[in-house]
Amino acid sequence: MNKINPRPVILAAFILAAGIFRLATASTHSSLSSFTPLGAMALFGGFYYSDKWKAYLLPLLTLWLTDIILNRFLFFGYWVLFYQGAAWVYGSFAFMVFIGQQMKTVSVRNIAIACVAAAVSHWLITDFSVWLSGCTGTSEDIPYTKDFSGLIDCYTMALPSMRNLLIGNIVFSTIFFGSFELMQRRFPALSVQ
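Here's what I pulled together on the structure shown here.

Rules of the game
- Residue numbering note: each chain is counted from 1, following its sequence as written.
- It should be noted that, the model being predicted, local features are given only for residues of pLDDT at least 70 and side-chain atom pairs only at 80 or more, the latter also being counted only at that level, while totals for whole chains, interfaces and linings use all residues.
- Excluded from the side-chain calculation are hydrogens and water; included are all heavy atoms of the structure.
- Any residue under 20% of the maximum accessible area for its type is buried, any over 50% is exposed, and the rest in between are partly exposed; the area is computed with a 1.4 Å probe on protein chains only.
- By the criteria applied, helices consist of DSSP H or I runs no shorter than four residues and strands consist of E runs no shorter than two, each listed in order from the N terminus.
- Contacts were defined at the residue level, with two residues in contact if any of their heavy atoms lie within 4.5 Å.
- Note on geometry: axes are C-alpha line fits, over the in-contact stretch for helices, and angles between N-to-C directions span 0 to 180 degrees.
- Oblique is the label for any angle not under 35 degrees, not over 145, and not in the 65 to 115 range, which are roughly parallel, roughly antiparallel and roughly perpendicular in turn.
- A clockwise turn of the near helix away from the far one marks a right-handed crossing, whereas an anticlockwise turn of less than a right angle marks a left-handed crossing.
- Under the scheme applied here, ten amino acids are nonpolar (Ala, Val, Leu, Ile, Met, Phe, Trp, Tyr, Cys and Pro), four are charged (Asp, Glu, Lys and Arg), and all others, including Gly, are polar.

### A short note on helix α2 (residues 38-48)
Working step 1: α2 sits mainly inside the fold: 10 of its 11 residues count as buried.
Working step 2: Of the residues making up α2, those classed as buried are Leu38, Gly39, Ala40, Met41, Ala42, Leu43, Phe44, Gly45, Gly46 and Tyr48.
Working step 3: Where α2 is buried, its residues meet α1 (7-25), α3 (52-75), α4 (86-102), α5 (108-132) and α7 (159-186).

Written out as structure tokens, the structure reads:
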């Protein structure tokens, strides 16, 4: 009789928990709006899933489903499957999964480097798209200028968001990676076979 491997179920539960936490704590007017477990979720999925398609599919699907719910009930007031700039955001999260896949072992050093790389890459990719799309960066709704100075202004305005994502990456990576490593020691069936 074949035994059911509990590892994929437990990994999916961690990713589902990240999505639930995001929904439960979402707010339009919070100084911690980017403090979420999503970056840690992407790194975690990238590192622990041996099937590459699962490593990308589950975190990106969780991001997308929570986006749809938040778009409906928090941001737009109607159902939006993809918003302007979504491709850049999803691309940045796919890159975070890739960063997680590059980690060879779980260590404080490796997780710290991955957390910083994930936050910085998300900041560079997504805020480049904000600048490129002509979004505004001031309370007067004046678009960023289409030159290097405008790009730097856009990146500067996004530093608090990047900081919050970095803090979220560190806090939730500590929780996710630490918990799963402890679970693997306690329950050897969760280790890769």
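### Digging into the environment of Tyr56
Working step 1: With respect to the helices and strands, Tyr56 occurs in helix α3.
Working step 2: Since its relative accessible area comes to 26%, Tyr56 is described here as partly exposed.
Working step 3: Among all residues touching Tyr56, those that are not within four sequence positions of it are Ala94, Val97, Phe98 and Gln101.

### Here we look at the packing of α1 against α7
Working step 1: It is the contact of α1 with α7, at a shortest axis distance of 12 Å, that shows an interaxial angle of 160 degrees. One finds that α1 runs roughly antiparallel with respect to α7. Crossing of α1 against α7: the hand is right-handed. Counted together, Arg7, Ile10, Leu11, Phe14, Ala18 and Phe21 of α1 and Phe172, Phe176, Ser179, Phe180, Met183 and Gln184 of α7 form the full contact between these two elements.
Working step 2: Here the contact of α1 with α7 is composed, by residue class, of 9 nonpolar, 2 polar and 1 charged.

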